[in-house]
Amino acid sequence: MNQPDNLQTCDLCGSNQFSVISEKDRHGSSLTTGLCNGCGLVSHLPVPSEEEVSAYYAKDYRRDYHGESSPSTRRIMRAWNNGARILKQLAPHIPAQTDVFEVGAGIGCTVKNFEAAGYQASGIEPNTGFNAYTRDTLHADVTNTNLYDLESSSDKHVILLIHVIEHFSSPTRALSHIRGLLKEDGLLYIECPNIAAPFATFGRLFHFAHIYNFTPNTLIAMATKCGFEVVEKFTDEANPDIQILFRKTIVPENFQINTEEAERTKTAIYRYNALTYNLRPAYLQRRICKLLKYGNEYLKAGAFVKTLEARFHDK
Ligand SMILES: [Zn+2]
């Protein structure tokens, strides 16, 4: 199904030719998702404006996404462990005491992990929901600021973008702005879902908050176009998460898009879609394991967070 959409041009390659790949979100509500025929980038059709995205976050995000207005102990424990994993992955690339800045810092657990390891860690988080917890309990240096309100300082060594790039109205604009914040040779770590190896069945993939869905190749193409080169990939093609460390480099004068990527992405998505039925037993088994893990997390999280909060009390 092709949908020429003259009102929209692809954020990666500028094409206005899209194939519709889904018309429903994960709850069965109407949401059109398209794949760019020029480069394979998957996005909402149409892409919401910055204003629409801001309005969505201000009102609905926390409720729609998590059903919480302050973080649960389980959420804090998972965020903390995730931050510890990212610190371990990146530490070999970052000299001691370097500054590390997170865009979209959430609760602040990753920033706090880096701070506790001796880095000068700080961040920004546009959503106000968990700000009080971050500031008053975790004592993490996270301010309620929008990315585009930061001036191009060209002084930061490391920027983290963890499950954030898929939420921007224009990833090109976001990455270009981030490049302006980084010093020469500065590092950018990006983590986001992998549409070519989805974490869920096809019918449950799409969500208003995820405006873009990347494959490792479309993410690398996007970063290359905006003036970054790959330093290390931490996950393979089959992993549901993309985790790549980039370095600031020159913006290519004639950026060439790989047009085969559109077909490759389409094949990956449809192969997965067709496999979904056959994979049901494995999927159900994964669900059961996940539910058992959740139960276990509920039991542990209370004590875990109590210890964590005592550790940062008065700091
Ligand atoms: Zn495109």
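Not measured: the values here are computed from a predicted model.

### Things to note about the coordination of the zinc ion
Point 1. Only Cys10 (SG), Cys13 (SG), Cys36 (SG) and Cys39 (SG) from the protein reach the zinc ion as donors, at distances of 2.3 to 2.4 Å.
Point 2. Taken together, the four donor atoms coordinating the zinc ion and their angles of 99 to 117° define a geometry best described as tetrahedral.
Point 3. Positions of the donor residues of the zinc ion along the chain correspond to the pattern C-x2-C-x22-C-x2-C. Here Cys39 lies in the loop between β3 (30-36) and β4 (42-44) and Cys10 lies in the loop between β1 (2-4) and β2 (17-24), a separation of 29 residues in the sequence. The pair Cys10 / Cys39 is uniform in exposure class, with both members buried.

### Some points on the packing of aromatic side chains
Point 1. Tallying each qualifying case throughout the model produces five aromatic pairs.
Point 2. One residue, Lys156, lies across the ring of Phe101, its end atom 4.3 Å from the ring centre.
Point 3. The residue whose ring lies beneath Arg173 is Tyr148, and the NZ or CZ to ring-centre distance is 3.6 Å.

### Some thoughts on the pairing of strand β5 (residues 99-103)
Point 1. Extensive coverage of β5 is indicated by the burial of five of its five residues.
Point 2. On β5, burial covers both faces: Asp99, Phe101 and Val103 on one face and Val100 and Glu102 on the other are all buried.
Point 3. As paired strands, β5 and strand β6 (residues 120-124) are joined by five bridges and run parallel to one another. Paired with Asp99 across the two strands is Gln120, which belongs to β6.
Point 4. On the question of chirality, the crossover connecting β5 to the parallel β6 by way of helix α4 (residues 109-116) is right-handed.

### Digging into the environment of Tyr148
Point 1. Structurally, the position occupied by Tyr148 is in the loop between β7 (142-143) and β8 (156-162).
Point 2. A relative accessible area of 17% means that Tyr148 is categorised as buried.
Point 3. For the pair Tyr148 and His177, spaced 29 residues apart in sequence, the C-alpha separation works out to 7.2 Å.
Point 4. Among the polar contacts made by the side chain of Tyr148, one reaches the main-chain amide nitrogen of Ala174 at a distance of 3.2 Å.

### Quick look at the confidence of the model for the chain
Point 1. Overall, the prediction assigns the chain a mean pLDDT of 88, with 88% of residues at 70 or greater.
Point 2. Counting interchain partners and residues more than four positions distant, the pLDDT-below-50 stretch residues 1-5 has 16 contacts.

### Some details on the sheet that holds strand β12 (residues 241-248)
Point 1. As summarised here, the arrangement of the seven strands in space is β7-β6-β5-β8-β9-β12-β11, forming an open sheet in which the pairing is mixed. Each edge of the open sheet is held by one strand with a lone partner, namely β7 and β11 (228-233).
Point 2. In terms of strand pairing, β8 meets strand β9 (residues 182-193) through six bridges, oriented parallel. Bridge pairing in β9 places Leu160 opposite Tyr189.
Point 3. Running over the sheet, helix α6 (residues 171-181) touches β8, β9, β11 and β12 and is turned about 145° from β9.
Point 4. Against the sheet, helix α7 (residues 216-225) touches β9, β11 and β12, its axis set at about 20° to β12.

### Focus on α7
Point 1. Of all 10 residues in α7, eight are buried, a share of seventy percent or more.
Point 2. Just beyond α7, the residue with positive phi is Gly227, at close to 95°.

### A word on the pattern of salt bridges
Point 1. Under the definition given, this model contains seven salt bridges.
Point 2. Between Lys112 and Glu115 there is a salt bridge whose closest N-O contact spans 3.0 Å. With Lys112 and Glu115 both in helix α4, this residue pair falls three residues apart, about one helical turn.
Point 3. In this structure, Glu261 engages Arg264 in a salt bridge whose closest nitrogen and oxygen atoms are separated by 2.8 Å. Note that Glu261 and Arg264 are positioned in helix α8 (residues 260-278) at a spacing of three residues, about one turn of the helix.

### Here we look at the packing of helix α3 (residues 73-90) against α4
Describing two packed helices takes the angle between their axes plus the distance from one axis to the other.
Point 1. It is at 8 Å that the axes of α3 and α4 come closest, and there the two elements cross at 50°. One way to sum up the angle between α3 and α4 is to call them oblique. When you trace α3 past α4, the crossing you get is right-handed. Contacts from Ile76, Ala79, Trp80, Gly83, Ala84, Ile86, Leu87 and Leu90 in α3 reach Cys109, Thr110, Lys112, Asn113 and Phe114 in α4.
Point 2. For the contact of α3 with α4, the residue count by class is nine nonpolar, three polar and one charged.

### A closer look at the packing of α6 against α7
Point 1. Relative to each other, α6 and α7 sit at 50°, their axes nearing to 9 Å. Here α6 is positioned oblique relative to α7, judged by the angle of their axes. Viewed along their axes, α6 and α7 form a crossing whose handedness is right-handed. The residues of α7 that touch α6, namely those facing Pro171, Thr172 and Leu175, are Met222, Ala223 and Lys225.
Point 2. Of the residues that constitute the contact of α6 with α7, the class distribution is four nonpolar, one polar and one charged.

Cut-offs applied
Residues numbered from 1 in each chain as written. Predicted model: local features only at pLDDT ≥ 70, side-chain atom pairs only at ≥ 80, totals over all residues. Heavy atoms only, no water. Donors = N, O, S within 2.8 Å, 3.2 Å for Na, K, Ca; no water. Tetrahedral: all angles 85-135°; square planar, octahedral: opposite > 155°, others 65-115°. Helix = DSSP H or I, 4+ residues; strand = E, 2+ residues; numbered from the N terminus. Buried < 20%, exposed > 50% of the residue type's maximum accessible area, 1.4 Å probe, protein only. Phe/Tyr/Trp six-rings, centres within 6.5 Å; stacked < 30°, edge-to-face > 60°. Lys NZ or Arg CZ within 6 Å of the ring centre and 35° of its normal. Pairing = 2+ DSSP bridges. Right-handed = clockwise from strand over helix to strand, strands pointing away. Polar contact = N/O pair within 3.5 Å; in protein donor to acceptor, adjacent residues only side chain to side chain. pLDDT = per-residue confidence, 0-100. Contact = heavy atoms within 4.5 Å. Axes fitted to C-alpha atoms, helices over the stretch in contact; angles between N-to-C directions. Salt bridge = Lys/Arg side-chain N within 4 Å of Asp/Glu carboxyl O. Parallel < 35°, antiparallel > 145°, perpendicular 65-115°, else oblique. Left-handed = near helix turned anticlockwise from the far one by under 90°. Nonpolar A, V, L, I, M, F, W, Y, C, P; charged D, E, K, R; others polar.

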